[in-house]
Amino acid sequence: MKSSLRYNPQEIEKKWREKWAADHIYEVREDDSRPKFYALTMFPYTSGDLHIGHWYAMAPSDVHARFKRMQGYNVLHPMGFDAFGLPAENTAISHGIHPYIWTMENIENMRRQLKSIGAIYDWNREVISCLPEYYKWTQWFFLKLYQAGLAYRGEAPVNWCPRCQTVLANEQVIGEGFCERCGAAVTKRDLEQWFFRITKYADELLDHSRIDWPERIEIMQKNWIGKSTGAEIAFGLEHKGVDAKEMRVFTTRADTIFGVTFFVLAPEHPLVPQLTTPEHKAEVEEYIFQTQRQTEFERTAVEKEKGGVFLGSYVINKLNGELVPIWIADYVLPGYGTGAVMGVPAHDQRDFEFAKKFELPIRVVIAPPDWAGEELESAYTESGTMVNSGQFDGLSSEQGVEAVCDYLQAKGWGKRAITYRLRDWLISRQRYWGAPIPIVYCDKCGIVPVPEKDLPVLLPPDAEFKPTGESPLKYCESFVNTTCPQCSSPARRETDTMDTFMCSSWYFLRYTSPEVDNNAFDDGKLKYWMPVDLYTGGAEHATMHLLYARFFVKAIRDMGLVDFDEPFVRLFNQGTIVYRGEKMSKSKGNVVTPDEYVAELGADAVRAYIMFIGPWEQGGEWSDSGIVGMSRWLNRVWNLVMADYSSKEIDPKVERELSRVTHKTIRKVTGDMERFRFNTMLAALMEFTNYLGWLWEEGVVSVLAWREAITNLLLLLAPTAPHLAEELWARVGHPYSIHNQSWPKWDEELTKEEEVTLVVQVNGKLRDKVTVPVSITEAEAKELALSRERVKAYVGDKEIGRILYVPRRLVNIVVG
RNA sequence: GCCGAAGUGGCGGAAUGGUAGACGCGGCAGUCUCAAAAACUGUUGAGGGGCAACCUUCGUGUCGGUUCGAGUCCGACCUUCGGCACCA
């Protein structure tokens, strides 16, 4: 089977891409006559080059989007660039290239690479987050959040990356206390910063019932938000020089309140200096100094031995009137709960270790089963029966929590409370390359938001890039000096810029109408397209981008700007592509660039190969030799379609078989497309071509039947190998374009077999196979099985017990 | 420590509780060629037997269990990878 013209991907891919662009066939507009489908892939950061990892995110999602398109959906599948961020500025510092120049050159290159994929991106809808026409609206949203009371300025101990020279949000500190971006160890600093009140939406963010997301991501978000239900309990305070008459703790175990033998504050707690008695002052100050020197990771390392010091003062446990010594210890975190805990060593492992080390009493108040008053070897943290707890003795832990809470509430000594691990989102960055925060500081008026009509607050092009730990904008006088929008007196601009996750929290809205310049988006178009039906991208964004974007949408929904609750109805996370056993990265020097493979084997081969590696959600290892196999297969498809088919003697049985194979293939490919099982989809198409190759040699079906099979093959191949399919579609004489055709449908009737291979087992072991018509009855099948020579040999003269029959599958003879 | 995912040929992987290893890579043999590459065809889990077509035993991380029958279900464990981790 040789054809005179060889498959030449370089030539045909260029030709069709140009024609598709010239004909605008992938441009999308709102159309009420078809169901819409918004298929979004996370937009890439403008790092400079697209590697195979990017293709792994983009090519399969394009294949799926093309599939939906052929199924009759009006598909929006846009692309853009996440263009603000630290690498651009770091390059400016190290190489003297302006971030804008660097970024726009990178975009130029990446756009070229993206186009080589052959995707259905409508480039009229491209968004670039670092351009004023985009970040004007990022700033506008900031003002909206500010007006809604969701953006505020506050002082807090914040994460500081010494290498990036900026603060980071909690979500951007990963693993054992490292910067998400550069990997440096993060430290804490007390700074006044801008925050978004994401904690206001903590409960709603815990609710994933309205979205179809991988369970694993939902769990990660739930863990991150970390909701704890318990009580806030007041301990009495009588200390000269301290006005407060009580201090509160948060606990999930109100039932253990009678077991409190000490009280621990975070070293940062504001009352610590006043509660320290003179004779403990030196020791306390030394301990606080040591605590502050530690990184977050060192401080929270689980293995670390408990440390702490006594302040010399006491609180009163109001339930039993006991005096309880106040300590400070670094295992108590300033940002969680009230920054104070009650020490119940008998029923909390940390408190237990602390008490052992400092020889504090350990009092059992929850009796373990079969407890006879002996000392505990470790904390008993399970439920049990309350003992040594006054009027609460005899209650179970569960009853005890309720009873103690009721009692506290009645006495006014406490209340039921909920605490979250989630912190407010810290969004200010001491860097240049981001959207300026649209705020002005006036000596008379204080914090003044920039009026909407004055947006955008433009980044000055002439700032100096030095890693000083402060925003370069701070030293740019033309930027800083302004007048107060309220009173017109001289004022200073905010010089911090916004976290780039702010830009990516709304870009999916902008794709619906990127052309509008008097609003962030067009209401009608937004209503048509949103929410996103399918969002695909990496799982590493679980507690960052994906959480922020959900918060953002809920916040603007409450402002009445949108009318949906969730931005992304369905989420799918593709796996990671690795090379030489490691995730691709420039620093490891194992980046595989798609360009050379595209140049040599064609984009279609690269698209198909990365989908063939394995299930999309699992990722896999890139293999140079593997892709050759894919290229070979596409060549075989070419040769098969291009070869002249002539029929010899027609065999009706084979014609029926061809129809059956075709319809089964359509069914398999359709199902696999829907489930993102592209690897098995391709295997099915390969099997189909292998079968057609055999059939071509045989020549026992009519020319018409042959052509129909080829037509279906091309349609099924079109999403995966759009260029090749288009070329062959034209060459076999079909009208342009294959990408405007309908997805083939299968007829279930035609997939039914005429004959099946029955497996014959004796005691569950395969002993024989026999081909039978599907119409065979159970009795006939059993009789046939028993009559087989091979079966007789295994049965011998043993007694025959049950005979199991699974229609169309097997007969299993059980012998004694 | 807790939560989640995964362990199948030389490799990537496939298998509604019913023929384990589809499909592909690699290997081997062959066709073509002066030769090589490319392409194409055949073959390829391991062990044992047979001149042969074939026959046979073992085999899906480990150990148990359920079942006529387990890669698949249940229990316990081991390993790898991801996430969280002094959160009161």
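Analysis parameters
Residues numbered from 1 in each chain as written. Chains lettered and ligands numbered in written order. Predicted model: local features only at pLDDT ≥ 70, side-chain atom pairs only at ≥ 80, totals over all residues. Heavy atoms only, no water. Helix = DSSP H or I, 4+ residues; strand = E, 2+ residues; numbered from the N terminus. Buried < 20%, exposed > 50% of the residue type's maximum accessible area, 1.4 Å probe, protein only. Contact = heavy atoms within 4.5 Å. Areas by Shrake-Rupley, 256 points an atom, 1.4 Å probe, with all protein chains shown as cover. Lys, Arg positive; Asp, Glu negative; His and termini not counted. Charge placed at Lys NZ, Arg CZ, Asp CG, Glu CD. Domains from an automatic or database assignment. Pairing = 2+ DSSP bridges. Near = heavy atom within 4 Å. Polar contact = N/O pair within 3.5 Å; in protein donor to acceptor, adjacent residues only side chain to side chain. Expected span 1.5 Å × (residues − 1). Arc of directions from axis to C-beta. Axes fitted to C-alpha atoms, helices over the stretch in contact; angles between N-to-C directions.

## Let's talk about the overall build of chain A
Thought 1: When helices and strands are counted, chain A shows 26 helices and 32 strands.
Thought 2: Dimensions of chain A, computed from the C-alpha atoms along their principal axes, are close to 110 × 85 × 50 Å.
Thought 3: Every one of the 816 residues in chain A was classed for burial, and the buried ones make up 54%.
Thought 4: Partitioning the intrachain contacts of chain A with sequence separation of at least 6 by distance along the chain shows that 73% fall at a separation of at least 24.
Thought 5: Of the roughly 36000 Å² of accessible surface on chain A, a fraction of 50% belongs to carbon and sulfur atoms.
Thought 6: Looking at charge distribution, chain A has the averaged site of its 94 positive side-chain charges lying 3 Å from that of its 113 negative ones.

## Details of the environment of Leu601
Thought 1: Position of Leu601 relative to the elements: it lies in helix 18 (residues 594–601).
Thought 2: On the accessibility criterion, Leu601 (14% relative accessible area) is buried.
Thought 3: Linking Leu601 and Val628, residues 27 residues apart in sequence, is a C-alpha distance of 8.1 Å.
Thought 4: Filtering out sequence-adjacent residues up to four positions away, Leu601 remains in contact with Tyr7, Pro9, Gln10, Ile627 and Ser631.

## Things to note about the domain arrangement of chain A
Thought 1: On domain assignment, one finds that chain A holds domain 1 (139–212 + 430–501), domain 2 (227–420), domain 3 (582–751) and domain 4 (755–815).
Thought 2: Centre-to-centre separation of domain 1 and domain 2, based on C-alpha positions: 36 Å.

## A closer look at the pairing of strand 31 (residues 800–806)
Thought 1: Bridge count for strand 31 against strand 32 (residues 810–815) is five bridges, and the pairing is antiparallel. By the bridge assignment for strand 32, Val806 is matched with Leu810.
Thought 2: In this structure, the hairpin formed by strand 31 and strand 32 is closed by a connection of three residues, where Arg808 is found at a positive phi of approximately 70°.

## Examining the protein's contact with RNA strand B
Thought 1: Neighbouring RNA strand B are 49 residues; Lys306, Tyr336, Arg350, Arg421 and Asn812 lie closest to it.
Thought 2: When atoms of RNA strand B within 4 Å of the protein are split into backbone and base, the sugar-phosphate part holds 63%.
Thought 3: At a separation of 3.1 Å, a phosphate oxygen of RNA strand B approaches a polar side-chain atom of Ser228.
Thought 4: One nitrogen or oxygen atom from the side chain of Lys769 is found 2.7 Å from a base oxygen belonging to RNA strand B.

## Quick word on helix 22 (residues 678–698)
Thought 1: Taking 1.5 Å of rise per residue, the 21 residues of helix 22 would be expected to cover 30 Å, and the 30 Å separating its terminal C-alpha atoms lies within 8% of that figure.
Thought 2: Directly beyond the C-terminal end of helix 22, a positive phi value near 60° is found at Gly699.

## What to know about unusual backbone geometry
Thought 1: Here the amide bond leading from Leu455 into Pro456 is cis, since omega sits at 0°, within 30 degrees of zero.
Thought 2: Among the secondary structure elements, Pro456 is positioned in the loop between strand 20 (446–449) and helix 13 (477–480).
Thought 3: The amide bond that connects Met530 to the next residue, Pro531, takes the cis arrangement and shows omega of 0°.
Thought 4: For Pro531, the position within the fold is in the loop between helix 16 (523–529) and strand 24 (534–537).
Thought 5: Even without glycine at this site, Asn763 takes up a positive phi of about 55°.

## Describing helix 9 (residues 281–293)
Thought 1: Its 13 residues place the ends of helix 9 19 Å apart at the C-alpha level, agreeing with the 18 Å of an ideal helix rising 1.5 Å per residue.
Thought 2: Taken as a whole, helix 9 has its buried residues at Val284, Tyr287, Ile288 and Thr291. Mapping the buried residues of helix 9 onto a view down its axis gives an arc of 100°, with all of them on the same face. Projecting away from the buried face of helix 9 at angles above 90 degrees are the exposed residues Ala282 and Arg293.

## Here we look at the sheet that holds strand 7 (residues 187–196)
Thought 1: The strand order 4-3-7-17 describes an open sheet built from four strands, whose pairing is antiparallel. Each having just a single partner strand, strand 4 (166–168) and strand 17 (425–426) make up the two edges of the open sheet.
Thought 2: Where strand 7 meets strand 17, two bridges bridge the pair, whose relative direction is antiparallel. The residue bridging Phe195 from the neighbouring strand is Leu426, located in strand 17.
Thought 3: Across the sheet, helix 5 (residues 132–147) touches strand 3 (151–161) and strand 7, and the angle it forms with strand 7 is around 90°.

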